[in-house]
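# Commentary on secondary and tertiary structure
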Amino acid sequence: MSRSRAEVLLDAAISVVAESGLRGLTHRAVDARAEVPPGSTSYYFRTRAALLRGLLGRLLDLDERDTTRLGEPQPDGAQHADAEPPQPHPGPDLGTLTDAWTRLFQYWLGPGRERLRARYALYLEGRHHPELREMLDTASARIVAGAEQFLTAVGAPAPERDAPFLIALLDGILYDQVIRADPPADGAELRRRIEVVLRAVWPPAPPGAESAVE
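## Some points on the nonpolar core
Ranked by size, the top nonpolar core spans 30 residues in total, and within it L25, L55 and L122 carry the most contacts. Every element with two or more residues in this core is listed here: α1 (5-20), α2 (27-34), α4 (48-66), α6 (113-126) and α7 (130-153). Of the residues forming this core, the biggest block, 9 residues, is contributed by α1. In this structure, L122 is in contact with L22, L52, L55, L56, L59, L132 and L136, ignoring residues within four places of it in sequence.

## Here's the deal with the environment of G146
Note that G146 resides in helix α7. With a relative accessible area of 34%, G146 lands in the partly exposed category. For the pair G146 and E64, spaced 82 residues apart in the sequence, the C-alpha separation amounts to 9.3 Å.

## Here we look at empty space enclosed by the protein
Overall, the coordinates contain 1 cavity of 30 Å³ or more when judged by the stated rule. In this structure, the largest cavity encloses a volume near 40 Å³. If you go around the largest cavity, the residues you meet are D63, W108, G112, R115, L116 and R119. Counting residues per element, the lining of the largest cavity draws most heavily on α6, which supplies 3 residues. Each residue belonging to the lining of the largest cavity can be placed in one class, and the counts come to 2 nonpolar, 1 polar and 3 charged.

## Thoughts on the packing of aromatic side chains
Taken as a whole and judged by the stated rule, the model has 4 aromatic pairs. Ring plane angle 85 degrees and centroid distance 5.9 Å describe the contact between W101 and F105, whose orientation is recorded as edge-to-face. Here W101 pairs with F105, and both are found in helix α5 (residues 94-109), just 4 residues apart, close to one helical turn. Of the two residues examined, W101 and F105, each falls in the buried class. Taken together, a centroid distance of 5.1 Å and an interplanar angle of 85 degrees make the contact between Y120 and Y175 edge-to-face. In this pair, Y120 sits in helix α6 while Y175 sits in helix α8 (residues 159-180), placing the two residues 55 residues apart along the sequence. The class of Y120 is buried, set by a relative accessible area of 7%. Overall, Y175 belongs to the partly exposed group, its relative accessible area being 24%. In textbook terms, an aromatic cluster arises when at least three aromatic residues are bridged by ring pairs, as seen for W101, F105 and W108. Here R119 stacks its cationic end above the ring of Y120, 5.2 Å away from the centre of that ring.

Definitions and cut-offs
- Residues numbered from 1 in each chain as written.
- Predicted model: local features only at pLDDT ≥ 70, side-chain atom pairs only at ≥ 80, totals over all residues.
- Heavy atoms only, no water.
- Core = buried A, V, L, I, M, F, W, Y, C linked by side-chain atoms within 4.5 Å.
- Buried < 20%, exposed > 50% of the residue type's maximum accessible area, 1.4 Å probe, protein only.
- Helix = DSSP H or I, 4+ residues; strand = E, 2+ residues; numbered from the N terminus.
- Contact = heavy atoms within 4.5 Å.
- 1 Å grid on protein atoms, 1.4 Å probe; cavity = no way out; pocket = protein on both sides within 12 Å on 5 of 7 lines; lining within 4 Å.
- Points joined across faces, edges and corners; volume = space filled by probe spheres on them.
- Nonpolar A, V, L, I, M, F, W, Y, C, P; charged D, E, K, R; others polar.
- Phe/Tyr/Trp six-rings, centres within 6.5 Å; stacked < 30°, edge-to-face > 60°.
- Lys NZ or Arg CZ within 6 Å of the ring centre and 35° of its normal.

Right, dumping it as structure tokens:
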């Protein structure tokens, strides 16, 4: 899918923030990263606040796309930079869902790693910027609402209570891998961690029923 000029500029802004943090985010830096004529970014985003709003919206849109679009894995099982991430379809099968979220996290920690770094920089540094606080709170509420819808769809016992908990734990797995992990967790360990988190909020099995995942 081709990107609009604004999306090209916002993707360049993501790269700038991932590399240099919010301090490095300027209209000129985005122009240079996007390899467009000077003044292009300020044409679409007149102020820094407008650029920050656009950046946050782009990150949210890309994350939402990742969780709603099925990506085809490469023949060798690897994800390339232009590959689409897999979709974690809500459903009653915990094992299938865990596999899907594992592939999604592997995409985010691989080809999508730059975006993760930009998102964490935006959230960590953005709290010091009054123009971003309300936007970040709104974005967080949107993410938690999505988790609540997911938990409702799978029949979790307390979607409203557990949605923030689910997001915090899943985000913690990603944060650990981006910021601290050395060496990074392999696929099997990543899957185990995700399964532990999902089981914490999963509907209890009926009496006498076999667990979905051994």
